[in-house]
Amino acid sequence: MRAIVQDEYGEAQDVLRLEQVARPQIADDEVLVRVHAAGVDRGVWHIMTGLPYPIRVMGYGFRVPKDRARGREVAGVVEAVGKDVTTPAPGEEVYGIGEGGFAEFCRARADKLAPKPTNLTFEQAAAAPVSALTALQAVRDGGRVRSRQSVLIIGASGGVGTFAVQIAKAFGAEVTGVCSTAKVDLVRSLGADHVIDYTRDDITSGGRYDVILDIGGHRSLTHLRRALAPAGTLVIVGSETGGRWLGGFDRSLRAPLLSLFVGQKLTALTNSENAKDLVALTELIESGKVTPAIERTYPLAETPTAIQHMVEGNARGKLVITI
Ligand SMILES: NC(=O)c1ccc[n+]([C@@H]2O[C@H](COP(=O)([O-])OP(=O)(O)OC[C@H]3O[C@@H](n4cnc5c(N)ncnc54)[C@H](OP(=O)(O)O)[C@@H]3O)[C@@H](O)[C@H]2O)c1
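Residues numbered from 1 in each chain as written. Predicted model: local features only at pLDDT ≥ 70, side-chain atom pairs only at ≥ 80, totals over all residues.

1. A look at the overall build of the protein chain
Cut-off, in case you're wondering: Numbering goes from the N terminus for both helices and strands, where a helix is a DSSP run of H or I of at least four residues and a strand is a run of E of at least two. Two things to know: the radius of gyration comes from C-alpha atoms, and the globule rule equals 2.2 Å times the number of residues to the power 0.38. For the exposure call, what matters is how many other C-beta atoms sit within 10 Å of a residue's own: 20 or more marks it buried, 12 or fewer exposed, and in between partly exposed, using C-beta atoms placed from the backbone. By the criterion used throughout, residues are in contact when their C-beta atoms, derived from the backbone, lie within 7 Å.
Broken down by element type, the protein chain carries 10 helices and 15 strands. Over its C-alpha atoms the protein chain spans a radius of gyration of 19 Å, differing by no more than 12% from the 20 Å that the globule rule assigns to 323 residues. Dimensions of the protein chain, computed from the C-alpha atoms along their principal axes, are close to 55 × 45 × 35 Å. Within the protein chain, buried positions represent 52% of all 323 residues. Across the protein chain, the fraction of contacts at a sequence separation of at least 24, relative to all contacts at a separation of at least 6, is 66%.

2. A few points about the domain arrangement of the protein chain
Condition: Residue ranges assigned to the domains are those given by an automatic or database domain assignment. Any residue that is not Ala, Val, Leu, Ile, Met, Phe, Trp, Tyr, Cys, Pro, Asp, Glu, Lys or Arg is counted as polar, Gly included; the first ten are nonpolar and the last four charged.
By domain assignment, the protein chain separates into domain 1 (2–128 + 292–322) and domain 2 (131–268). Put simply, the middle of domain 1 and the middle of domain 2, counted by C-alpha atoms, are 27 Å apart. With 12 residues of domain 1 at the contact, the number on the domain 2 side is 14 residues. Among the residues forming the side of domain 1 that touches domain 2, the class breakdown is six nonpolar, two polar and four charged.

3. A closer look at the sheet that holds strand S11 (residues 209–214)
This is how the line gets drawn: A pair of strands is considered paired only if DSSP assigns at least 2 bridges between the two. The convention used is that axes are lines fitted to C-alpha atoms, helices contributing only their stretch in contact, and that angles between N-to-C directions extend from 0 to 180 degrees.
Strand order in the open sheet made by the six strands is S10-S9-S8-S11-S12-S13, with parallel pairing throughout. Of all strands in the sheet, those bounded by a partner on one side alone are strand S10 (194–197) and strand S13 (265–268). Here the strands of the sheet are splayed against their neighbours by 15 degrees on average, with no regard to which way each runs. With four bridges joining them, strand S12 (residues 228–236) and S13 adopt parallel strand pairing. Residue pairing for S13: Thr233 is matched across the bridge by Lys265. In the packing of helix H8 (residues 250–259) onto the sheet, the strands contacted are S12 and S13, and the crossing angle to S13 comes to about 150 degrees.

4. Re the packing of helix H4 (residues 129–142) against helix H9 (residues 275–286)
What counts, and what does not: In what follows, roughly perpendicular refers to angles from 65 to 115 degrees, roughly parallel to angles under 35, roughly antiparallel to angles over 145, and oblique to any angle outside these ranges.
With their axes 10 Å apart at the nearest point, H4 and H9 run at an angle of 85 degrees to one another. If you check the angle between H4 and H9, you find them roughly perpendicular. Residues Pro129, Ala132, Leu133, Leu136 and Gln137 of H4 form the contact with H9, whose own contacting residues are Asp277, Leu278, Ala280 and Leu281. In terms of residue class, the contact of H4 with H9 is made up of seven nonpolar, one polar and one charged.

Below, the structure is given as structure tokens:
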């Protein structure tokens, strides 16, 4: 089969190659998926570069990547299942989180897949798994967003943020999205009630919010707290600093500690990849409340170009690879 692979850590154009490789072998609890489309998300960049360094000791390979294949968000059709798998069944259309999705076939744990939303194409479905699950968990579990609450979403134009805006609206919140000038129209089109262009105005310019989801920009906790209501909740999802040791992770370590001493709740999110939340997401998608915002699709051979486009901060919402 054709697959995008790498043998050393580095940037997309330097290390990714399209090769003919053997189909992946599946374990007893795994599924072989014939991939139709695969989403590009920030996690791909982290695993591809081995940065920040702590991820190398988390099982991805110390000096070189342990697994040659990249791509985790997938949509496709089940080709075969391991002997312990009762669902999904061969022939079923699925979406979810796999290993090595930038390929004609990938393997996935059965408990990280769900039936593909019936109203989405494979390309649209592939945009959702990691980004939309993260957004759902940030809104529902981290922020515990309720109807009529005011919610500030920093990074509203990105992969996670474009879903978070729509999900917070679906939960009945009044949503303010923060993004750069060129993406104001995108964030407004997602249903945000207000948009702050961070190149012109500060995040505090709209008052104080019940919930802040911080998905980009790496503002200090002090800065973020100034935009948060006295009993408000901050959820740090992530940000990119380029730092080789902590990346944007330093605030995620400090926020819960500071939270012990202040009236505001300061939290950091670690997403959970599970089929139950994919099904919850499907309900939001099939009811028409959430639709993936995809800038464009790329053929498999152009995967490095797609990743570079995201890394340079130019993507509007999600990018998808078609196979
Ligand atoms: N905690 C978790 O479990 C988890 C899960 C998934 C992702 N993440 C992390 O979440 C972060 C976002 O992921 P993503 O896939 O959404 O990335 P993305 O698609 O690249 O989006 C990045 C977002 O950050 C915004 N941004 C950049 N600089 C900014 C600034 N100075 N002020 C405000 N916003 C700024 C961008 O807005 P403009 O393009 O308009 O500038 C864009 O909306 C990444 O760090 C990722 O690693 C964490």
